[in-house]
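Summary of structural features
Given next are the chains, with one letter for each unit.
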Amino acid sequence: EGTSGTIALMQDGTGGHTFTLPSTFKTPVGGAAITQVTSPNSVSILSYYVLDDSNVLVNYIGDFS
């Protein structure tokens, strides 16, 4: 609890790589799905905050290329 961090998601020259969040990860806007940016050489950011054992709050921002 109380742990937070940021993960950089960097696509290679091919792109198309995706990730799947566990059910304990909660997104803003009532659990709206994340629209992942998978363009070649793009960089996106996933920040998180561990609220408790059942809730990890996440925010996703992409594309920084």
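Notes on the structure in this doc start here. Keep in mind that this is a model prediction, so the values were computed, not measured.

**Considerations on a nonpolar patch on the surface**
Together, Tyr49, Leu51 and Leu57 give the surface a local cluster of nonpolar side chains, amounting to about 250 Å² of exposed area. Tracing the sequence through the fold places Leu51 in strand β3 (residues 43–52). In this structure Leu51 comes out as partly exposed when scored by relative accessible area, which is 42%.

**Some thoughts on the pairing of β3**
Each regular strand shows side chains that alternate between the opposite faces of the sheet. When strand β1 (residues 4–10) meets β3, the two strands line up antiparallel, connected through 7 bridges. Paired with Leu9 across the strands is Ser44, a residue of β3. Where β3 folds back onto strand β4 (residues 55–62) in an antiparallel hairpin, the turn is made up of 2 residues.

**Considerations on unusual backbone geometry**
Unusually for a residue other than glycine, Val29 sits at a positive phi of about 60°. Following the sequence through the fold, Val29 ends up in helix α1 (residues 28–31). The phi torsion at Asn41 lies on the positive side, around 65°, for a residue other than glycine. With respect to the helices and strands, Asn41 occurs in the loop between α1 and β3.

**Comments concerning the sheet that holds strand β2 (residues 25–26)**
Think of a sheet as strands paired side by side through backbone hydrogen bonds, with each pair either parallel or antiparallel. A sheet is described by the order of its strands in space; here 4 strands give the open sequence β1-β3-β4-β2, paired in mixed fashion. Where the open sheet ends on each side, the last strands, each with one partner, are β1 and β2. The pairing of β2 with β4 spans 2 bridges and is classified as parallel. Bridged to Phe25 within β4 is Val56.

The rules behind each value
- Residues numbered from 1 in each chain as written.
- Predicted model: local features only at pLDDT ≥ 70, side-chain atom pairs only at ≥ 80, totals over all residues.
- Heavy atoms only, no water.
- Patch = residues over 30% accessible without salt bridge, like charges linked within 9 Å, V, L, I, M, F, W, Y side chains within 5 Å.
- Areas by Shrake-Rupley, 256 points an atom, 1.4 Å probe, with all protein chains shown as cover.
- Salt bridge = Lys/Arg side-chain N within 4 Å of Asp/Glu carboxyl O.
- Helix = DSSP H or I, 4+ residues; strand = E, 2+ residues; numbered from the N terminus.
- Buried < 20%, exposed > 50% of the residue type's maximum accessible area, 1.4 Å probe, protein only.
- Pairing = 2+ DSSP bridges.

Nothing here speaks to function; it is all geometry.
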